[in-house]
Amino acid sequence: MGAIDPEKIRAHVRFLASDQLEGRGTGQRGGDMAASYIASQFASYGLKPAGDNGTYLQKVALEGITTQPASTITVAPANGAPIDLMFLTQFVGTDETGKQRDDIDADVVWMGYGIDAPEFNWNDYAHVDVKGKVLLMLVNEPPSDDPKFFAGKALTYYGRWTYKFEEAARRGAAGVLLVHKTEMASYGWNVVRSSWSGERDYLRDSSVPKLRLASWIQFDVARQLAQACGMNLDHMIEAAGQRGFAPSPLPLKVKATMFSEVRHFDSSNVVAALPGSDPKLHGQAVVYTAHYDHLGIVHGLAGDNIYNGAQDNATGCGILLEIARAMASAGHAPKRSIYFAATTAEEQGLRGSEYLARHPPVPDKDISLALNYDDVPPLGVPEEVNVAGAERTTFYPVVERTAKEFGLAIVPDSQPGAGHYFRSDHFSFARAGVPAFSIDEGDKYRDHDRQWGTQQAQEYVAKHYHQPSDEYRPEMDFRGDAVMARFGIALGWEAANQAGLVGWQPGDEFGKMRAAGK
Ligand SMILES: [Zn+2]
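Residues numbered from 1 in each chain as written. Predicted model: local features only at pLDDT ≥ 70, side-chain atom pairs only at ≥ 80, totals over all residues. Heavy atoms only, no water.

Colleague: What is the right way to look at the side chain of Asp440 in this model?
Modeller: With respect to the helices and strands, the residue Asp440 is situated in strand β22 (residues 440-441). There is no salt bridge for the buried Asp440, and the closest opposite charge comes from Arg450, which lies 13 Å off by N-O distance. Among residues more than four places away in sequence, those in contact with Asp440 are Asp374, Asp375, Val376, Pro377, Glu384, Val385, Asn386 and Met484. (Helix = DSSP H or I, 4+ residues; strand = E, 2+ residues; numbered from the N terminus. Buried < 20%, exposed > 50% of the residue type's maximum accessible area, 1.4 Å probe, protein only. Lys, Arg positive; Asp, Glu negative; His and termini not counted. Salt bridge = Lys/Arg side-chain N within 4 Å of Asp/Glu carboxyl O. Contact = heavy atoms within 4.5 Å.)

Structure (structure tokens):
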């Protein structure tokens, strides 16, 4: 841990966030240059390549899909006039299969929340045939104050829109009409509209189930559809959250034509290994991740058109590289193997880490713990650490003890209803059954009050987050990033040496696969 040098983290950030790297866009030259840089750093530390064919690079094949405005959805009731939905104002959607044109003609099933959650004894899919159907469903999850039922006020993954589309695709549905309601989604239609009007990127991986129509519809449209069936949407929503709710086919047909512009491109994760020292345990692993991609260069944009991504996430890459260098130079390796992975396409929806967790260097069941760094502010010496999700794992007592040794207070998740745990690369491992969390600073720094830190964070979000102005500045203070690196080494080293694999707390929604030994 003593080898961690904040000035080396600075050097990585300064280079990775320089204009030469063109914002490290996925599928762009700058992104590929960042991958080469990180790979050559790993090589210089003497780490083993753990990518494809004896290299450090693991190819990630992607497909960018842009829905064209000519796309149409018409809903035809058994009785009454067909209802045409307006693109962007009433619906948004993607044909995930990557066809340029797709004509869908399917029956509609009302699914309520569209959730199969065995740990809460809840399964909307139990008694209904959804193959080839279009599923009308709600975002979020059955409302609850009971921590044992959908985790009370906190959002479980079952409530996220990504889950709804993934589960429907796994079940063989043709499509989903996801009903948007501001209070239930926690953001307005404008957010849905803007994030679905441009290109969306998916893995070009035939093992991933895809929907022909992954769409959101505006709340008033859903009300109209219910009325066309002689039903009342408010009553339907009320019933969907109650025990005993059963999905039902609706007297509706969806006729949709989806036109898509489809672009194929490749990127790479960068993966290196420090082989474990124990002959029995070296087949098991601890994984460190940080995404190297950012938003790239936007040609034709007036003014500064390079999204340098200094804080997001050159900082995480600098930390990852310093951990890799320090561990490689320790003179002896821990019992289990350590993998270091700089992931791509995080900004496109965690796609690089999704691919890595689907094609891991050792099976997911043998990965004890995954630790991630994303956007770690270079603001000086931290007095707090944010390890949201660590409390879901059996490793939490070690995390608590280590935080104490470091003089770091653990900060609680300030917005459990917002589902932050589902929005960075560690989550790709969690959903594959691997105990995983991100390590970040809280708002309290030495020689400042908490308000100062909160102000810095708010200013960053308001002015620089995902903006060309997220740039390297000489006054950045990397001592905190160094503390986070040392803290991560302490945790990873212990996870790599302790007797058993890290597990999930009983009943955790991500514990099913590990419990089943998968
Ligand atoms: Zn990030």
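Colleague: Teacher, can you tell me more about the coordination of the zinc ion here?
Modeller: Ideal coordination angles are 109.5 degrees for a metal with four donors arranged tetrahedrally and 90 or 180 degrees for a metal with six donors arranged octahedrally. The zinc ion binds to the protein through His291 (NE2), Asp312 (OD), Asp374 (OD) and Asp374 (OD); the donor distances cover 2.0 to 2.8 Å. Seen from the zinc ion, its 4 donor atoms lie at angles of 51 to 150°, and the figure they make is irregular. Donor residues binding the zinc ion come from one chain and are separated in sequence as H-x20-D-x61-D. In this pair, His291 is assigned in strand β14 (residues 285-291) and Asp374 in the loop between β18 (367-373) and β19 (384-386), connecting sequence segments 83 residues apart. (Donors = N, O, S within 2.8 Å, 3.2 Å for Na, K, Ca; no water. Tetrahedral: all angles 85-135°; square planar, octahedral: opposite > 155°, others 65-115°.)

Colleague: Sorry, what's going on with the side chain of Asp124 here?
Modeller: As for its placement among the helices and strands, Asp124 is situated in the loop between β8 (122-123) and β9 (134-138). Despite its burial, Asp124 pairs with no opposite charge; the closest candidate is Lys164, at 6.8 Å N-O. In this structure the side chain of Asp124 is engaged in a polar contact, spanning 3.1 Å, whose partner is the backbone nitrogen of Gly114. Apart from residues lying up to four places away in sequence, Asp124 is in contact with Met111, Tyr113, Gly114, Ile115, Phe245 and Pro247. (Polar contact = N/O pair within 3.5 Å; in protein donor to acceptor, adjacent residues only side chain to side chain.)

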